Amino acid sequence: MDAARSLPAITPLDHGLQRELLAVVGELREWLVELTCTLVSFPSLMGEESSAQDYMEGLFRGMGLDVDRFEVNAADLAHLPGYSPPTGHWQRHDNVVARHTPRAVSGRSLIFNGHIDVVPVGAAELWQTPPFSPVVRDGRIHGRGSGDMKAGIAAYVTAFHALRQLGLQPAAPLWMQSVVEEECTGNGALACLARGYRAEAAVIPEPFDHTLMDAQVGVLWLAVDVDGRPAHVLDVKQGINAIEAAFALYRGLLPLRDAWNRPEARHPAFADNPHAINFNLGRIHGGEWPSSVPTRCTIEIRCGFHPGMSAAEARAALEAQLARTSREDPTLAGASYRVRYGGFQSEGCVIARDLPMMQLLAASHETVRGTAARWMASTATTDARVCNLYGHTPATCYGPEATRIHGIDESVSIDSMVDVTRVLTLFLARWCGTEAIAA
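Let me begin by describing the structure that accompanies this report. Just so it is clear, the structure is predicted and the values come from calculations on it, not from any experiment.

The rules behind these values
Residues numbered from 1 in each chain as written. Predicted model: local features only at pLDDT ≥ 70, side-chain atom pairs only at ≥ 80, totals over all residues. Heavy atoms only, no water. Helix = DSSP H or I, 4+ residues; strand = E, 2+ residues; numbered from the N terminus. Rg over C-alpha atoms; globule rule 2.2 N^0.38 Å. Buried < 20%, exposed > 50% of the residue type's maximum accessible area, 1.4 Å probe, protein only. Contact = heavy atoms within 4.5 Å. Areas by Shrake-Rupley, 256 points an atom, 1.4 Å probe, with all protein chains shown as cover. Lys, Arg positive; Asp, Glu negative; His and termini not counted. Charge placed at Lys NZ, Arg CZ, Asp CG, Glu CD. Pairing = 2+ DSSP bridges. Axes fitted to C-alpha atoms, helices over the stretch in contact; angles between N-to-C directions. Salt bridge = Lys/Arg side-chain N within 4 Å of Asp/Glu carboxyl O. Parallel < 35°, antiparallel > 145°, perpendicular 65-115°, else oblique. Left-handed = near helix turned anticlockwise from the far one by under 90°. Nonpolar A, V, L, I, M, F, W, Y, C, P; charged D, E, K, R; others polar. Phe/Tyr/Trp six-rings, centres within 6.5 Å; stacked < 30°, edge-to-face > 60°. Lys NZ or Arg CZ within 6 Å of the ring centre and 35° of its normal.

Section: the overall build of the protein
Alright, step 1. Regarding its fold elements, the protein presents 11 helices and 21 strands.
Alright, step 2. Against the globule reference of 22 Å for 439 residues, the protein gives a C-alpha radius of gyration of 23 Å, in line with a compact fold.
Alright, step 3. On the principal axes, the C-alpha backbone points of the protein span a range of 85 × 45 × 40 Å.
Alright, step 4. With 439 residues in all, the protein has 55% of them scored as buried.
Alright, step 5. Put simply, 83% of the contacts in the protein that link residues at least 6 apart link residues at least 24 apart.
Alright, step 6. Only carbon and sulfur atoms are counted for the fraction: they give 52% of the accessible area of the protein, which is about 17,800 Å².
Alright, step 7. Taken together, the 37 basic and 49 acidic charged side chains of the protein have centroids lying 2 Å from each other.

This is the structure:
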């Protein structure tokens, strides 16, 4: 919701103010930890985000910010570039966006974005402590979503709060977005775009260990429904095993993955990564009875592909590879299959390192960490693509060090969270500029 205009110059921070900002973030360490733990305690799985978003709405309103809460409705988004078919339909499936408006605009507008949804916990009994009962231990916060990415949301909220502790506020429009569906479609971020939210930069504090993301792959989710022929196990030759056929079809996709990883096929951003493109067989269900040759099996697969390839081109290549496998693999004789798409249909993107926001974020990192920023080309997808590809908003990811995201015993480093908050605070103050809070 930011009109096109000439960008003001980025001015250095007064050294005294810089020291004060870094110090106040240190003083807010426990505030940051408590906020992260509170967010982790909400089990904001897909379709169950409402209680966490209730909290975010209350938090933002309590900070005196204007709040826009709105439903993420697939029907409203289906016509837009970047849309992905959802994996379900839920009630109170909302985004929450806080808006800060300065008295007078003298800086550059900014979006802080983070996703409130988390992935399933897996086998809960394998966790050392319950996944939604956050624990602080050995300098880390443990729990599902601690790293991916509730620490990031807490970091950008604390960065804004840190300015206010010094009687300052951004001198440009700032939007803080808490979105849903990042883990399966990106439609939450797309819904923000459809509502008109754009800015002169966006930062997403994904847990990428203080690296600056300059590229990410595309990702497709697909399901393959395989039909065999049922039979009694007393004569398995009369049947066609749908489960075995499904595995054969998946194995038949792997040569395409390997072809996309060959040096001559790699996007330049991934030239030094021998395995940037990954396929994952994530779910399988099928069969009717232990003593019956199974009739049907469904496999659900995640497939990466390089930036520069459209989602349609990736789908066509995958379907052609499945058809080739079906024709050429004798174990698939008599089996049939259908391909369905739901979830990510997300293209890759590249972010130029010389953009002003990238350079300023790198400089802020160097001030806080004392080392040059490292660049990262991500082999996963993030909501940054929505801003970069469709929203005319340069966006990157910069966030804390976390371990075992999407796994058992996920955790995030508290020291790293504090440093990320310091970096975001310096970036916020320089990118947006500052003004005194009105008395």
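Considerations on the sheet that holds strand 12 (residues 279-286)
Alright, step 1. Strand order in the open sheet formed by four strands is 12-14-10-15, with antiparallel pairing between adjacent strands. With partners counted over all chains shown, the strands left at the sheet margins are strand 12 and strand 15 (336-346), one partner each. Between one strand axis and the next, the sheet turns through 20° on average, direction left out of account.
Alright, step 2. Summarising the sheet, strand 10 (residues 218-227) and strand 14 (residues 296-305) pair through 10 bridges and their orientation is antiparallel. By the bridge assignment for strand 14, Leu220 is matched with Cys303.

As for the pattern of salt bridges
Alright, step 1. For the structure on display, the rule yields 21 salt bridges.
Alright, step 2. Between Glu435 and Arg103 there is a salt bridge, with its nearest N and O atoms 4.0 Å apart. In this pair, Glu435 is assigned in strand 21 (residues 434-436) and Arg103 in the loop between strand 2 (94-100) and strand 3 (110-115), connecting sequence segments 332 residues apart.
Alright, step 3. By relative accessible area, Arg103 is classed as exposed at 53%.
Alright, step 4. It is possible to trace a salt-bridge network through shared partners that takes in Asp54, Glu57, Arg61, Arg69, Arg92 and Asp94.

Description of the packing of helix 9 (residues 356-369) against helix 11 (residues 414-432)
Any two packed helices are characterised by how steeply their axes cross, that is the angle between the axes, and by the distance between the axes.
Alright, step 1. For the pair helix 9 and helix 11, the least separation of the axes is 9 Å and the interaxial angle reads 135°. Taken together, the axes of helix 9 and helix 11 lie oblique to each other. By crossing handedness, the relation of helix 9 to helix 11 is classed as right-handed. Here Pro356, Met357, Leu360, Leu361, Ser364, His365, Thr367, Val368 and Arg369 of helix 9 lie close against helix 11, whose contacting residues are Asp419, Arg422, Val423, Leu426, Phe427, Arg430 and Trp431.
Alright, step 2. Here the contact of helix 9 with helix 11 is built from residues that sort into nine nonpolar, three polar and four charged.

As for the packing of aromatic side chains
Alright, step 1. Counted according to the given criterion, the structure contains six aromatic pairs.
Alright, step 2. Between Phe112 and Tyr156, the ring centres sit 5.5 Å apart and the planes meet at 15°, which makes this aromatic pair stacked. One end of the pair, Phe112, is in strand 3; the other, Tyr156, is in helix 5 (residues 146-165), with 44 residues separating them in the sequence. The burial state of Phe112 is the same as that of Tyr156; both residues are buried.
Alright, step 3. Residues Phe427 and Trp431 carry aromatic rings whose centres are separated by 5.6 Å and whose planes lie at 15° to one another, so their mutual orientation is stacked. Note that Phe427 and Trp431 are positioned in helix 11 at a spacing of four residues, about one turn of the helix. When sorted by exposure, Phe427 lands in the same class as Trp431, which is buried.
Alright, step 4. Against the face of Trp431 rests Arg108, its NZ or CZ located 4.8 Å from the ring centre.
Alright, step 5. Geometry around Tyr341 places Arg315 over its ring, the cationic atom sitting 5.7 Å from the centre.

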